[in-house]
There are 2 protein chains.
Amino acid sequence: MKQRRADSIAEQLEELIFDGTFPDGTRLDEIRISERFGVSRTPLREALQRLALSGLVELIPRRGAFVRQPGPIELLEMFEAMAEIEAVCGRLAAMRITETALDELQTANRNCQAAVNAQDRDSYYTENERFHKIIYQQSGNSYLEEQAIKLHKRLKPFRRQQLRARGRMAQSMAEHEAIVEALSRGAADDAANRLRSHVAVQGEKFHNLMTALKATAE
Amino acid sequence: MKQRRADSIAEQLEELIFDGTFPDGTRLDEIRISERFGVSRTPLREALQRLALSGLVELIPRRGAFVRQPGPIELLEMFEAMAEIEAVCGRLAAMRITETALDELQTANRNCQAAVNAQDRDSYYTENERFHKIIYQQSGNSYLEEQAIKLHKRLKPFRRQQLRARGRMAQSMAEHEAIVEALSRGAADDAANRLRSHVAVQGEKFHNLMTALKATAE
DNA sequence: TGACAAATTCTTGTATACAAAAAGTTGACT
DNA sequence: AGTCAACTTTTTGTATACAAGAATTTGTCA
């Protein structure tokens, strides 16, 4: 948006938080970080403000900036919200989707299937993202689309590890097919329900993971 | 969040934008505004960043900050998104709402009715807001709640003028009653549908207003 | 020895100074 | 006279300097 400096710093910091360099609760010392990036405190503070608005860091007055990773409850809530927002996008898309977009969805699905056959997880992930983003876009509502993309991005690091569940990729593919079918029929509620449960599975998987971890910890 | 200075400036600027002191497209000169608030450019810039993130101003690199009011299309999209998000909140709330919250909804409704009888528009508005916020909260999903509140706030200045439609307040009241009834029955889809159309009406009223304005302009 | 208080130090928040880029203006050349 | 270019001015982006508040440390007293 504004200058490329604060923006690129925000991106880099985001990356450093995602990859675990700055774990949850870390205090982000303005001086140390600004030195690390070779800039002064001013643009760094602007970057921190942005991260604060997107929820990645918490700014406590007169205390500083702290890395704020969502806890398990918050994550479940975000997964649930994602499922509901996708359902809404699907509902609207069913009424508005274009023929070309339907074709694109099928292309993405074919590429997904190819990735499944090739056991190519990265490629699967990319094509899967494309699939969902087309649906956001075809909701015909750019506000919703923006919200969906934002949340999708925020959940990215937590979703990635879940694709490892055995047989999940193949099942996911089948769900994609059904979703496209519902969209092409213009079946709003059907598309919404299918998308909701398709995405909600991720939250449930995560829930299972959490409880499993909790059980082993006792 | 951070210091009270930049925060209060952001709030005041928001107010100035809402009340039309700074119309759409106005360039917000950093020096003039900072002088107006009696602060330096630094905290003002932080305030502008926040407003940019919430979508009220657009920050163009090396050009400055410009007031960015949503156009008609964008507004319709936001109203639609609001309707859908409310529907989602209602769906979840139907499964999770507490008895005390149901009581609070009915209290808010009674106060609303009293405001209708007294022709007290301000009071109606306040109680109506309370009604909806209870539902957001009872979705049991604080992420969704936050998004709903944010959008609700953003649409506030555009919704206010619509309550003048004849008979709208009374009709709205009846819809509220039906919504509470659905929630108390735990009828998820019914609550969702009722909430969606209850809110969507606002968007439609706005749409009518727009087309009417357009027609007179020709 | 432990606890409380004062002082020092460190860090954040704000102001100002400086640099770079864009916009506006003036002048020269065709 | 019109257009293009260089220069001036204005404005944003960044750095640094300064002020105020929080945290820590040290010293004193019980």
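Keep in mind the model is a prediction, meaning the values are calculated, not measured.

Asks: Account for the interface of chain A and chain B, with residues named and values stated.
Replies: Taken together, the contact between chain A and chain B spans 29 residues of the former and 29 residues of the latter. Summing the contributions of chain A and of chain B, the shared interface buries around 3,100 Å²; its carbon and sulfur component is 49%. Linking chain A to chain B there are 6 salt bridges. Residue Arg91 of chain B pairs with Glu84 of chain A through a salt bridge whose shortest N-O separation is 3.1 Å. There are 16 residue pairs in polar contact (both at pLDDT 80 or more) connecting chain A and chain B. Listing elements by their share of the side of chain A that touches chain B, those giving two or more residues are α3 (41-53), β2 (57-60), α4 (72-96) and α7 (142-160) of chain A. With 9 residues, the single largest contributor to the side of chain A that touches chain B is α4 of chain A. Residues belonging to the side of chain A that touches chain B are distributed by class as follows: 12 nonpolar, 6 polar and 11 charged.

Asks: Describe the relation of the copies chain A and chain B, with residues and values.
Replies: Aligned on chain B, chain A shows an RMSD of 0.1 Å; the corresponding rotation is 180° and the shift along the axis is 0.0 Å. What the superposition gives is, in effect, a two-fold axis relating one chain to the other. Looking at chain A, 100% of its interface residues are interface residues in chain B too, so the copies touch through the same face.

Asks: Lay out unusual backbone geometry with the relevant residues and their values.
Replies: Its identity as a non-glycine residue notwithstanding, Gln119 of chain A has a phi of 55°, on the positive side. Relative to the assigned elements, Gln119 of chain A resides in the loop between α5 (99-117) and α6 (121-138).

Asks: So what's going on with helix α3 (residues 41-53) of chain B? Which residues, and what values?
Replies: For α3 of chain B, which comprises 13 residues, the first-to-last C-alpha distance of 18 Å matches the rise-based estimate of 18 Å (1.5 Å per residue) to within 8%. When you tally the buried positions in α3 of chain B, you get 10 out of 13 residues, the bulk of the element. For α3 of chain B, the full list of buried residues reads Pro43, Leu44, Arg45, Glu46, Ala47, Leu48, Gln49, Arg50, Leu51 and Ala52 of chain B. Buried residues belonging to α3 of chain B abut α3 of chain A together with α1 (4-18), β1 (27-28), α2 (30-37), β2 (57-60) and β3 (64-67) of chain B.

Asks: Describe in detail the domain arrangement of chain A, supporting the description with residues and values.
Replies: Assigned domains within chain A: domain 1 (4-67) and domain 2 (72-217). Centre-to-centre, using C-alpha coordinates, domain 1 of chain A lies 30 Å away from domain 2 of chain A.

Asks: How would you sum up the pattern of salt bridges? Please name residues and give values.
Replies: Working definition: two side chains of opposite charge can pair if their charged atoms are close together. Here the structure, examined in full by the defined rule, presents 36 salt bridges over all chains. As a salt-bridge pair, Arg91 of chain B and Asp189 of chain B come within 3.7 Å of each other at their nearest N and O atoms. A residue pair is termed long-range when its members are at least 10 positions apart, and Arg91 of chain B in helix α4 (residues 72-96) and Asp189 of chain B in helix α9 (residues 188-217) qualify at 98 residues. Taking the relative accessible area as the measure of exposure, Arg91 of chain B reaches 15% and is therefore buried. Salt bridges sharing common partners tie together Glu30, Arg41 and Arg45 of chain A together with Glu46 of chain B.

Asks: Break down the packing of α4 of chain B against helix α6 (residues 121-138) of chain B for me, with residues and values.
Replies: Residue and element names in this part refer to chain B. Between α4 and α6, whose axes approach to 7 Å, the crossing angle comes to 60°. On the basis of their axis angle, the class for α4 and α6 is oblique. In the packing of α4 onto α6, the handedness of the crossing is left-handed. The segment α4 lies against α6, with Met82, Glu86, Cys89, Gly90, Leu92, Ala93 and Arg96 engaging His132, Ile135, Tyr136 and Gln138. Classifying every residue of the contact of α4 with α6 gives 6 nonpolar, 3 polar and 2 charged.

Asks: Before we move on, can you summarise the sheet that holds β2 of chain B with the specific residues and values?
Replies: Overall, antiparallel pairing links the 3 strands, which are arranged β1-β3-β2 (chain B) in an open sheet. Strands with a single pairing partner mark the edges of an open sheet, and in this sheet they are β1 and β2 of chain B.

Asks: Got a sec to walk through the state of the cysteines? Specific residues and values, please.
Replies: Inspection of the entire model under this criterion finds 0 disulfides over all chains. The thiol of Cys89 of chain A is not disulfide-bonded; the next cysteine sulfur, from Cys89 of chain B, is found 15 Å away. A residue is classified by how much of its surface remains accessible, and Cys89 of chain A, at 0% relative accessible area, is buried. Cys112 of chain A carries a free sulfur, and the closest cysteine sulfur to it, the one in Cys89 of chain A, is 18 Å from it.

Asks: Any details on the packing of α3 of chain A against α3 of chain B? Residues and values, ideally.
Replies: Direction vectors running N to C along α3 of chain A and α3 of chain B enclose 30°, while the axes themselves pass 10 Å from each other. Classified by chirality, the crossing of α3 of chain B by α3 of chain A is right-handed. Touching Arg45, Glu46, Gln49, Arg50 and Leu53 of chain A of α3 of chain A are Arg45, Glu46, Gln49, Arg50 and Leu53 of chain B, all from α3 of chain B. Looking at side-chain class alone, the contact of α3 of chain A with α3 of chain B contains 2 nonpolar, 2 polar and 6 charged residues.

Asks: Which residues make up the sheet that holds strand β3 (residues 64-67) of chain A, and what values go with them?
Replies: All names here are of chain A. An order of β1-β3-β2 is seen for the 3 strands of this open sheet, with the pairing classed as antiparallel. With one partner strand each, in any of the chains shown, β1 (27-28) and β2 form the two edges of the open sheet. Summarising the sheet, β1 and β3 pair through 2 bridges and their orientation is antiparallel. By the bridge assignment, Leu28 is partnered in β3 with Ala65.

Conventions and cut-offs
- Residues numbered from 1 in each chain as written.
- Chains lettered and ligands numbered in written order.
- Predicted model: local features only at pLDDT ≥ 70, side-chain atom pairs only at ≥ 80, totals over all residues.
- Heavy atoms only, no water.
- Contact = heavy atoms within 4.5 Å.
- Buried area = accessible area lost by both parts, 1.4 Å probe.
- Salt bridge = Lys/Arg side-chain N within 4 Å of Asp/Glu carboxyl O.
- Polar contact = N/O pair within 3.5 Å; in protein donor to acceptor, adjacent residues only side chain to side chain.
- Helix = DSSP H or I, 4+ residues; strand = E, 2+ residues; numbered from the N terminus.
- Nonpolar A, V, L, I, M, F, W, Y, C, P; charged D, E, K, R; others polar.
- Least-squares fit on C-alpha atoms with pLDDT ≥ 70 in both.
- Expected span 1.5 Å × (residues − 1).
- Buried < 20%, exposed > 50% of the residue type's maximum accessible area, 1.4 Å probe, protein only.
- Domains from an automatic or database assignment.
- Axes fitted to C-alpha atoms, helices over the stretch in contact; angles between N-to-C directions.
- Parallel < 35°, antiparallel > 145°, perpendicular 65-115°, else oblique.
- Left-handed = near helix turned anticlockwise from the far one by under 90°.
- Pairing = 2+ DSSP bridges.
- Disulfide = S-S within 2.5 Å.

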